[in-house]
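# Coordinate analysis (summary)
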Amino acid sequence: MKKFKSTEEIKIPEKIVDQVIGQERAVNIIKKAAKQHRNVLLIGSPGTGKTLLAQAIAELLPAADLEDVLAYKNPNDENKPLIKVVKTYPTIEKDKPLGDGQGRQIVQREKLKNRLDMGKSRSNIAPAVIIIVVILFALSFTKLFNGYGIVLLSALILGVLIFGSMLLFVGSFRRAGILPGMFESNEPKLIVDNTGMTHAPFVDGTGSRAGALFGDVKHDPLQSGGLGTPPHLRVESGGVHRANKGVLFIDEVANLEPRSQQELLTAMQEKRYVITGQSEMSSGALVRTEPAPCDFLLVAAGNLQDINKMHPALRSRIRGYGYEVYMESSMPDNEHNREKIIRFIAQEVKKDGKIPHFDYEACMAILEESRKRSGRKERLTLILRELGGLVRAAGDIAIEKNRKLVTKEDVKDAMVLSKPIEAQFVEQSLEYRKDYKIFKTGGFAIGRVNGLAIIGSDYLSSGVVLPIVAEVTRASSRTEGKLIPTGKLGTIAREAVKNISAIIKRHMNRDMASYDIHVQFLQTYEGVEGDSASISVAVAVISALEGIPVNQEVAMTGSLSVRGDVLPVGGISNKLSAAIEAGMRIAVIPESNAKDVYLDKAELKKIRIIPVKNIADVLQYALKRSSRRDGMIKKLRKYITSDIKEREPLDIE
């Protein structure tokens, strides 16, 4: 790559849509959606830029169409407030600062008018009180009142003064909005205000309850006696209304209650939605406004499992009037994309605002980590949220060391500091397993294998050594033998174990009806899912059946087909790191994963990595050398070779 001094030299695009990394197809669809006003469903792993894409749509939409929404008192039915919609800015002049929107101006005019009316009423009260007091005071000098009459007259004067003061005091509260229900008011409430917006609104409705998403009417216990707040002043708009002419973004859309998904569909179809109290026990449940506008673009997001939980009609609405996008989780490792990762680092530094820029070597270290986290050969990860966490951690370390730039050393320290919970758990459990000899790193043992697995999700995982033992006994049933796996196994892992019997029967010509085979995954508290332990189970079972010891210096991972082929698995670099940390000397991996290995030179010196194609290759490196082993492998290779020939296509020209 072209050398640079620091990421301060990297130019960062101004528009959000141009800051999205590695999602070219999604960006193109987003631009179409903004232009044609289409809904979008974004599905993919967390951290791939779904929120950024949703914000980009809002930025691309025109601000000239924005609307303010006001709620007015209905003189005919106070529980059905009127809704009025006005343009926020009827005209927008270039290079001229935006003032108050039309909605704010209307409210300000009404407030000023009410204050003038209140001032008039106040100016009438004070003179009236003064005149009454003067008259009563004058009467006290006449002979009409004497004795107890004078006392009553004094009390009357005092009462008039107190009553007049109370009227003035309450009037000042009314003007301040503290007791809005004390007097009749036609003053509207601005429930959607887009003042100052230079682009279309972006509303994040993720995790919102019904009231926050669809609007609500506040409860008021002071309804009797005219002390309550008028219904139109208690109306609160929801996310669907505030997103009018803009974007409503809902991440983890499947977590919305089915009823909320149905209501969201209604709002999308009608483009207008009434606001009512969401609680049946609230006085707001009596209030139901006229429909308020909610013409928004829905950008829904989630992972692949969320699709089955979505309301079918809601997804159909998105598909029928928009696009579905599956996010990329990695991109090719070429110069153009490497420059994008460097730009991402510069963007994260600018976004954080508290960490220094990265020098060239530090950027190369982040780039290498991106390769490793992709889990695929010649690819760079697009799970950028986690990579951004590494950038910030390295920046924090540089600040502690009073550096002006983040260095490669800071990035390496950050990799240790920002280890995920899964990696921290593995480190602690590894010490425990070493101390209590849960797995061995030397010698030979029959029916015992050191498998390799990962814990955590695909994009945030850590390798772990998985000890597996097998024992073969006479069948407990006269009709058939059983393969009995024990341990905390998931569905896929259990099915993978069952496939081992097909290989033994087909390739080793053994009658499985005579045996019960017990397979135990030792202390798998974290659970096992997937089929990457297939070759480990097969080696353990074959070792137990044939009585041939397994080399305990060998760790292995790989999926096994029923024909004996070793298939690729995920997380290969993390698994190898776990093997190195555990003290293993040899690692057997699928040949198709050979280019997926990303370890530094120091780690590569500690372990011998052996790529294999089939189960015969695995047994050759895993089992202790003997004439019996060599004979079994020779026979096994013969079966595998014959299988390959049988599978060759016939020439039928």
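Report follows, based on the coordinates. These figures come from a predicted structure and were not determined experimentally.

Once that is clear, we can look at helix α9 (residues 335-352). Over its 18 residues, α9 runs 26 Å from end to end, which matches the ideal 26 Å to within 8%, given 1.5 Å per residue. Residues of α9 that are buried include every one of Asn337, Lys340, Ile341, Ile342, Arg343, Phe344, Ile345, Ala346, Gln347, Glu348 and Val349, and no others. Residues of α9 that are buried sit in contact with α1 (24-36), β13 (330-332), α10 (360-374), β14 (379-381) and α11 (384-400). Two or three places before His336, at the opening of α9, Asn334 has a side-chain oxygen 3.3 Å from that residue's backbone nitrogen.

Of all 6 residues in strand β2 (residues 67-72), 6 are buried, a share of seventy percent or more. Pairing of β2 with strand β3 (residues 82-87), which is carried by 6 bridges, proceeds in the antiparallel orientation. Among the inter-strand pairings, Tyr72 is bridged to a residue of β3, identified as Leu82. Relative to strand β4 (residues 189-192), β2 runs antiparallel, the two sharing 3 bridges. Within the sheet, the bridge partner assigned to Val69 lies in β4 and is Val192.

The next subject is the sheet that holds β4. Spatially, β3-β2-β4 is the arrangement adopted by the 3 strands of the open sheet, whose pairing is antiparallel. Taken across any chain shown, the strands that pair with only one partner, and hence form the sheet edges, are β3 and β4. Adjacent strand axes in the sheet meet at a mean angle of 35 degrees when their direction is disregarded.

Here α1 is 13 residues long and its end C-alpha atoms lie 18 Å apart, about the 18 Å a rise of 1.5 Å per residue gives. Three or more residues of α1 are buried, namely Ala26, Val27, Ile29, Ile30, Ala33 and Ala34. For α1, the angular spread of the buried residues around the axis is 165 degrees, confining them to a single face. Lining the buried residues of α1 we find β1 (39-43), α2 (50-60), β11 (297-302) and β12 (322-326). Phi turns positive one or two residues past the end of α1, at His37, with a value near 60 degrees.

Conventions adopted
- Residues numbered from 1 in each chain as written.
- Predicted model: local features only at pLDDT ≥ 70, side-chain atom pairs only at ≥ 80, totals over all residues.
- Heavy atoms only, no water.
- Helix = DSSP H or I, 4+ residues; strand = E, 2+ residues; numbered from the N terminus.
- Expected span 1.5 Å × (residues − 1).
- Buried < 20%, exposed > 50% of the residue type's maximum accessible area, 1.4 Å probe, protein only.
- Contact = heavy atoms within 4.5 Å.
- Polar contact = N/O pair within 3.5 Å; in protein donor to acceptor, adjacent residues only side chain to side chain.
- Pairing = 2+ DSSP bridges.
- Axes fitted to C-alpha atoms, helices over the stretch in contact; angles between N-to-C directions.
- Arc of directions from axis to C-beta.

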